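So the chains spell out like this:
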Amino acid sequence: MSTKDRFLKNEIRRSNHLFSPLRSIVETSMYSNNVQPITSLDQAYHTAHDAINTIVTDLPVKFPDKLGLPSNAKILVENGNSVVGRTAAAKRIYGENPEEDAKLKTLVLDAIYDGTKTNRYKTTAYVGLDPEFMVKAHLTVPKGQENNLYSWLLNFQVTNEFYNDLYKNSQEINEGDILIYQDANWHHPDYPLGLAYFDSAHNCAIILGMNYFGELKKATLTLAWNIAHNIGYVSCHGGQKKFVLKENESYVAAFFGLSGSGKSTLTHAKHNNKYEVEVLHDDAFIISLKNGSSIALEPAYFDKTQDYPADHPEVDYFVTVQNVGVTQDENGNKVLLTEDLRNGNGRTIKSRYSTPNRVDKFEEPINAVFWIMKDDSLPPVLKINDPILATTFGATLATKRTTAERLKKGVDINKLVIEPYANPFRVYPLIDDYNNFKYLFEELGTDCYILNTGFFLDQKIPKEVTLGAIESIIDDTAEFQEFGHLTDIQYMVTEDFKPDFTDSSYVSLVDERMKMRGEFIREQAQKNALNVLPNEALKAILSLINES
Ligand SMILES: Nc1ncnc2c1ncn2[C@@H]1O[C@H](COP(=O)(O)OP(=O)(O)O)[C@@H](O)[C@H]1O
Ligand SMILES: C=C(OP(=O)(O)O)C(=O)O
């Protein structure tokens, strides 16, 4: 599948729905004399290597030739300011607030005019790694953003002969290429945290006043997920892996969670080599509603470095690093000082070769969805046996934020929040995701589990417990019992985490959390047109509330 960047003269009309004012402002800026094209990874590497804000470590990049990098390429580090996470509060969607849109149009015109006064770069990549789903994306950034541009080209698929051929031979759809304009140096008193402005109907975004790489990555995915959902895919902010079991048998599992909740940890876990595991991706993929197959959107991983000390084998696969310390080893070589000593949310772009068994498509339909929550009323694993309830729990996924997000002043990082399908990047109605996930549970027979990767009451659930529980599901050795009076919900029996339904304070806590979900559904129906859920969802949650 391919998108459009060229038009017949008779298609170039104001009335052509692929064009819009914001898209035109962004596209036009990309042709200006101040914008230098970066057309290969080699060129992007050298540009980033020479930038004044880069630290060139003495650590070699593994498999430079396969990645399209010079054979002596080194891991590059760029550290930003005190903002080391994504700013969810900066997101605006064109069309949601016409009054603000009018103001933002002026502001964007001025920002882009100011952008012409400095040197800028532009580059192109593919999002989606299978001819069935490939979108072309263009990014423009100012001088000073060489590392982010290089990371973006590594994170998505750089254009090269192989992928250009795949793209050329795939079916064109009537959507414009993705366009992203960024200026990290922008400031505006009305948007002190920055601005991520999406004209999602026209596949265009403007990211102002924010340097964090995750903004570029998630803005690109936001637009790709939107295109995917328009043409019959379930858009997934999650990790997906396949357990290859006996001959011709496999188990495809997907883990949906907010940043920092465990998608990468669970997806990349090797289970002591107990199974043959294939990895699709740890952050973004799409599932076809036609046949349940899945496609990865990105070749590389934007991982946290907190679990990887300097001598951890994963460090060998780092290509760029952000917001991480550097020190010297015994030979005076510049090496990484990780584990979030310097600041929270240290990050790396880790190459696809960190997963030897990496694939870009699973033909097999998905077997199980795991909603990752951090709701302390829940034991490590629940199984949800009713498709409507399974879909509704996803729509009311209750979790906690981490240092991967920059929060507005006064927002408590420990507060339980609801983030439907763990996807704060959705720019279309929630009911579309609701219907898509329901289709998986109802029509494709996908199972549904909830994993609590936070605390059960005041007891931390370690990753070993979560991984062990997943293995017992794969091995079919897990024991499940009824979860109190809650119909269609069972919990996995584990040694150290036992829900006590004779304890009235525990029962009230579970009740309170179900009420919180019901309240969320009611509240969203009143105040957020994008988040209205069908009545059956509210009914399903209300049926769980203990009226005694
Ligand atoms: N039960 C658990 N399951 C998974 N990860 C856990 C658990 N408990 C703690 N963690 C830690 O939480 C962090 C999750 O980060 P990560 O897997 O990168 O999240 P994501 O990919 O969702 O952003 C890791 O540092 C991991 O070690
Ligand atoms: C980069 C992000 O995601 P994750 O932590 O899931 O990689 C993000 O949400 O900003």
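Each residue is numbered by its place in its chain's sequence as written, counting from 1. Here chains are named by letter from A upward and ligands by number from 1 upward, in the order in which they appear as written. Given that the model is predicted, a residue must reach a pLDDT of at least 70 before its local features are reported, and side-chain atom pairs must reach 80 or more before they are shown or counted; all residues, however, enter totals for whole chains, interfaces and linings. The side-chain figures draw on all heavy atoms in the structure; neither hydrogens nor water molecules are used.

Student: Would you mind going over the overall build of the protein in detail, with residue names and values included?
Tutor: In DSSP terms, a helix is any run of H or I states spanning at least four residues, a strand is any run of E spanning at least two, and both are numbered starting from the N terminus. For the protein, the helix and strand inventory stands at 13 helices and 32 strands. With C-alpha atoms as the basis for the radius of gyration, the globule rule is written as 2.2 Å multiplied by the number of residues raised to the power 0.38. Rg of the C-alpha trace for the protein: 23 Å, near the compact-globule value of 24 Å for 548 residues, within the 12% margin. Over its C-alpha atoms, taken along the principal directions, the protein stretches across nearly 70 × 60 × 50 Å. Each residue is assigned to one of three classes by its accessible area relative to the maximum for its type, calculated with a 1.4 Å probe on protein chains only: buried under 20%, partly exposed between the two thresholds, exposed over 50%. Out of the 548 residues belonging to the protein, those deemed buried represent 58%. Across the protein, every contact between residues at least 6 apart in sequence was considered, and the portion connecting residues at least 24 apart equals 75%. For accessible areas, the Shrake-Rupley method is used with a probe of radius 1.4 Å. Any residue's cover is judged against the shown protein chains and nothing else. As presented, the protein carries roughly 22700 Å² of accessible surface, and 48% of it is formed by carbon and sulfur atoms. Side chains of the protein carry 56 positive and 74 negative charges; the gap between the two charge centres is 5 Å. Contact between two residues is taken to exist if any of their heavy atoms lie within 4.5 Å; hydrogens are not considered. Charge assignment: positive for Lys and Arg, negative for Asp and Glu; neither His nor the chain ends contribute. Where a charge lies is defined by one atom per residue type, namely NZ (Lys), CZ (Arg), CG (Asp) and CD (Glu).

Student: Explain the pattern of salt bridges to me, and be specific about the residues and the numbers.
Tutor: Within this document, salt bridges are pairs made up of a side-chain nitrogen of Lys or Arg and a carboxyl oxygen of Asp or Glu, the two lying within 4 Å of each other. Tallied over the full model, the rule gives 32 salt bridges. Between Asp375 and Arg517 there is a salt bridge, with its nearest N and O atoms 3.1 Å apart. Linking Asp375 in the loop between strand E24 (368-373) and strand E25 (381-384) with Arg517 in helix H12 (residues 504-527), this pair joins segments that are 142 residues apart in sequence. Accessibility assignment for this pair places Asp375 and Arg517 in one class, buried. Of the charged contacts in the structure, one is a salt bridge between Glu405 and Arg401, with a shortest N-O distance of 3.1 Å. One salt-bridge network, held together by shared partners, links Arg86, Arg401, Glu405 and Glu419.

Student: Break down the nonpolar core for me, with residues and values.
Tutor: Buried Ala, Val, Leu, Ile, Met, Phe, Trp, Tyr and Cys residues that are joined via side-chain atoms within 4.5 Å together make up what is termed a nonpolar core. Of all hydrophobic cores here, the largest spans 65 residues; its most connected members are Leu69, Phe133, Tyr150, Trp152 and Leu153. Ranked by the residues each element gives to this core, the list is headed by helix H7 (residues 213-230), at 9 residues. Residues from two domains meet in this core; each of domain 1 (9-232) and domain 2 (234-289 + 367-498) gives at least three. Those residues within four positions of Trp152 in sequence are excluded, and the remaining contacts are Thr123, Thr124, Ala125, Ala137, His138, Leu139, Phe213, Leu216 and Thr220. With 59 residues, the next largest nonpolar core counts Leu416, Ile418, Met514 and Ile541 among its residues. Where each domain begins and ends is defined by an automated method or by a domain database.

Student: Provide a residue-level description of the site of ligand 1, including the pertinent values.
Tutor: Every one of the 18 residues lining ligand 1 counts as a neighbour, but Gly260, Ser264, Thr265, Lys304 and Gln306 are closest to it. Gln306 is positioned such that a nitrogen or oxygen atom in its side chain is 2.8 Å from an oxygen atom of ligand 1. Taking Asp307, its side chain carries an N or O atom lying 2.8 Å from an oxygen atom of ligand 1. Relative to its unbound accessible surface of 570 Å², ligand 1 loses 88% to contact with the protein. Those elements giving two or more residues to the shell around ligand 1 turn out to be helix H8 (263-268) and helix H11 (463-474). Per element, the largest residue contribution to the shell around ligand 1 is 4 residues, and it comes from H8. By convention in these notes, a residue is near a molecule or strand provided one of its non-hydrogen atoms lies within 4 Å of it. Nitrogen and oxygen atoms within 3.5 Å of one another constitute a polar contact, given that in protein one can donate a hydrogen and the other can accept it, and given that sequence-neighbouring residues count only through two side-chain atoms.

Student: Could you give an account of the sheet that holds strand E18 (residues 301-304), with specific residues and numbers?
Tutor: At least two DSSP bridges between two strands are needed for those strands to be called paired. What the 5 strands build is an open sheet, ordered E3-E4-E19-E22-E18; its pairing is mixed. Either end of the sheet is taken by a strand with one partner, and the two such strands are strand E3 (55-60) and E18. Taking each pair of neighbouring strands and ignoring which way they run, the sheet shows an average axis angle of 25°. Bridge analysis of strand E4 (residues 74-78) against strand E19 (residues 318-322) gives 3 bridges, and the strand direction is parallel. Residue pairing for E19: Val77 is matched across the bridge by Val321. Here helix H5 (residues 146-155) sits on the sheet in contact with E4, E18, E19 and strand E22 (347-350), set at roughly 135° to E19. Axis angles are defined between N-to-C directions and span 0 to 180 degrees, where every axis is a line fitted to C-alpha atoms and, for a helix, only to the segment in contact.

Student: Tell me what's going on with the pairing of strand E20 (residues 325-328), and back it up with residues and numbers.
Tutor: Side chains on a regular strand alternate between the two faces of the sheet. Relative to strand E21 (residues 334-337), E20 runs antiparallel, the two sharing 4 bridges. Opposite Gln328, over in E21, you have Lys334 as the bridge partner. Taking the residues between adjacent antiparallel strands as the criterion, E20 and E21 are bridged by 5 residues, where Gly332 takes a positive phi near 80°.

Student: Pulling in residues and values, what's your account of the packing of helix H1 (residues 21-29) against helix H4 (residues 98-115)?
Tutor: Between H1 and H4, the least distance of the axes is 11 Å, while the angle of their chain directions is 0°. In terms of axis orientation, H1 runs roughly parallel to H4. For the pair formed by H1 and H4, the contact residues are Pro21, Leu22, Ile25, Val26 and Ser29 on the first element and Lys105, Val108, Leu109 and Ile112 on the second. Throughout, the ten residues Ala, Val, Leu, Ile, Met, Phe, Trp, Tyr, Cys and Pro are labelled nonpolar, Asp, Glu, Lys and Arg are labelled charged, and all others, Gly among them, are labelled polar. Residue classes in the contact of H1 with H4 are distributed as 7 nonpolar, 1 polar and 1 charged. When an angle is under 35 degrees it counts as roughly parallel; over 145 it counts as roughly antiparallel; between 65 and 115 it counts as roughly perpendicular; any other value is oblique.

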